[in-house]
Amino acid sequence: MAQTAAAPATVAPAITPISLKAIAPWAVFFGILMLVLLYFVGAEQGATSVISGEGVHEWVHDGRHLLGFPCH
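Residues numbered from 1 in each chain as written. Predicted model: local features only at pLDDT ≥ 70, side-chain atom pairs only at ≥ 80, totals over all residues. Heavy atoms only, no water.

### Concerning the overall build of the chain
When helices and strands are tallied, the chain shows three helices and zero strands. Going from N to C terminus, the chain has its helices and strands arranged as α-α-α. For the chain, the proportion of its 72 residues judged to be buried stands at 11%. Pairs at least 24 residues apart make up 23% of the contacts formed inside the chain by residues separated by at least 6 positions. Surface exposure of the chain reaches about 6500 Å², of which carbon and sulfur atoms provide 72%. (Helix = DSSP H or I, 4+ residues; strand = E, 2+ residues; numbered from the N terminus. Buried < 20%, exposed > 50% of the residue type's maximum accessible area, 1.4 Å probe, protein only. Contact = heavy atoms within 4.5 Å. Areas by Shrake-Rupley, 256 points an atom, 1.4 Å probe, with all protein chains shown as cover.)

### Remarks on the environment of Val41
Its location among the elements puts Val41 in helix α1 (residues 20–42). A C-alpha to C-alpha distance of 7.8 Å links Val41 and His57, two positions 16 residues apart in sequence. Beyond its immediate stretch of four places on either side in the chain, Val41 contacts Val60, Gly63, Arg64, Leu67 and Phe69.

### Focus: a nonpolar patch on the surface
Taken together, the side chains of Trp26, Phe29, Phe30, Leu33, Met34 and Leu37 make up a nonpolar region of the molecular surface, amounting to roughly 630 Å² of accessible area. Positionally, Leu37 belongs in helix α1. Leu37 sits in the partly exposed class, given a relative accessible area of 44%. (Patch = residues over 30% accessible without salt bridge, like charges linked within 9 Å, V, L, I, M, F, W, Y side chains within 5 Å. Salt bridge = Lys/Arg side-chain N within 4 Å of Asp/Glu carboxyl O.)

### Topic: the confidence of the model for the chain
When the pLDDT values of the chain are averaged, the result is 81; 85% of them are 70 or greater. Across the chain, the element-wise mean pLDDT spans from 76 in helix α2 (residues 55–59) up to 91 in α1. (pLDDT = per-residue confidence, 0-100.)

This is the structure in structure tokens:
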């Protein structure tokens, strides 16, 4: 005699949407952070240097070449 058990019905949890007002401050923060990082990787040397010396250049040197920025 074969017995079959009925599978319990599964209910997917409701996904609540996140409002744009909740995301906007984080999007602005990460956007500014990415622009600062892009500046340090791409332009922090020479006449536009904010930090004097070669320290920043040496730390971001490989990333600069990886992203296609010339440096020498």
